[in-house]
Amino acid sequence: MVGPVQSASMTILLHPWLGEEGWLHALTAALPEETIRLCSDGEAKAWASGQGPLADVAADVEFVIAWRHPAPALAAYPNLQAILVTGAGVNQFVGPGFPAVPIIRLKDPTMAHEMAAYALHWIIRYQRGFDVTAAQQATRQWSPPRHGMASEFTIGVLGFGEIGSVIGRSAQALGYAVSAWSRTGGNDPTINHHAGLEELADFLAGADAIVNVLPSTDATRQILNADRFRQCRPDAILVNIGRGDTVSEPDLMAALDAGYLGRAVLDVTAVEPLPADSPLWSHPLVDITPHVAGMTQKRSAAEVIAANIRRLRAGQSPFPVFDPARGY
């Protein structure tokens, strides 16, 4: 629980790297009682160094809403109460030079449903053989591919938290069998839960498609590596919409080449944007998308952010707050 935060002349700083006026309009509509100001990178840096005609307003900043913001500027806001991130990942606000204030992640149901739709799009494409029919169109071939029942196809969700559970329920609604892996397991009797590293091999071996939504933590980096890929079904599909560094990309390509894994769909990569010389671009068993599985939608995200600011104003706890001990 935090104490009530009183309003000031300029309470919220919005970083326009997010998309400029659209964000300002959405947040102003969601928070008509607040004063919100757009801030550029250059302006933030000028405030932090005490330069420029607006340096004195740095003391009025109570909340920063941003995907990224210069660390020295954040440290120069003496009355900063919280950072509200416009996405689920917050690693860009962790490290030396960042102020010790709550970092509030974005938990937007709209984004979770977009990510579920993305994952299911790719899984259905390959499970139903729509990649085959797409290739047949070029040669005007009419040859329906065969596929099994959805209930006989297991979608394994790697990381069964806020987003993973939405993916699992969405897959179940279409008739797919669902399994899940997490640190602590779960109690939904309709899902085959696995918990801890000791059960990861069984999870991988039982999944026809693996949807990775794990965050980037000390425990998850490179968790999908050569040893783990050998535990997968040889025709399994990997869909990575979590964090790029949870997958060893050289090991992934080697596993695909060796037949330990059937195909990979990567919406996230260890380095983003993916370098032009990366061999992932041209690998025949890899599909690449530019981190678009779940896009932040301004209107719905603004409502979620506004609710957290009102909680802070009322002395209530916002959520979800980044937990450094867990890494997310």
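Positions within a chain are numbered from 1, following the residues in the order the chain's sequence is written. For this predicted model, a pLDDT threshold of at least 70 governs which residues receive local features, and a threshold of 80 or more governs which side-chain atom pairs are given and counted, while totals over whole chains, interfaces and linings are taken from all residues. Water and hydrogen atoms were dropped before computing side-chain values, which therefore reflect all heavy atoms in the structure.

Chemist: Help me understand the nonpolar core in this model?
Modeler: The tendency in soluble globular proteins is for nonpolar side chains to be buried side by side. Grouped together as the largest cluster of nonpolar side chains are 51 residues, with contacts concentrated most on Val239 and Ile241. In this description a helix means any DSSP run of H or I spanning at least four residues, a strand means any run of E spanning at least two, and both kinds are numbered starting from the N terminus. If one sorts the elements of this core by residue count, helix H4 (residues 109–127) sits on top with ten residues. Dropping the residues within four chain positions of it, Val239 is found in contact with Tyr118, Ala119, Trp122, Ile123, Ile210, Val211, Asn212 and Val265. In this description, a nonpolar core means a group of buried Ala, Val, Leu, Ile, Met, Phe, Trp, Tyr and Cys residues linked to one another through side-chain atoms lying within 4.5 Å. In this scheme, a residue with accessible area under 20% of its type's maximum is buried, one over 50% is exposed, and one in between is partly exposed, where area comes from a 1.4 Å probe on protein chains only. Formed by 25 residues, the second largest nonpolar core is a distinct cluster that contains Leu158, Leu224, Cys232 and Ala264. Throughout, a contact is declared for two residues whenever any of their heavy atoms are within 4.5 Å.

Chemist: What should I look at first to understand the pairing of strand S11 (residues 263–266) in this one?
Modeler: Here is the key point about a regular strand: its side chains alternate between the two faces of the sheet. Neither face of S11 is left uncovered, since the one carrying Arg263 and Val265 and the one carrying Ala264 and Leu266 both have all their residues buried. Sheet topology places strand S10 (residues 237–240) next to S11; four bridges connect them, and they run parallel. The residue bridging Asn240 from the neighbouring strand is Leu266, located in S11. Note on the crossover from S10 through helix H9 (residues 249–258) to S11: the handedness is right-handed. In terms of strand pairing, S11 meets strand S12 (residues 286–288) through three bridges, oriented parallel. For Ala264, the partnering residue across the bridge sits in S12 and is Val286. In short, DSSP must find at least two bridges between two strands for them to pair. We call a crossover right-handed when, viewed with the strands running away from us, the connection from the first strand over the helix to the second turns clockwise.

By themselves, these figures tell us nothing about what the structure is for.
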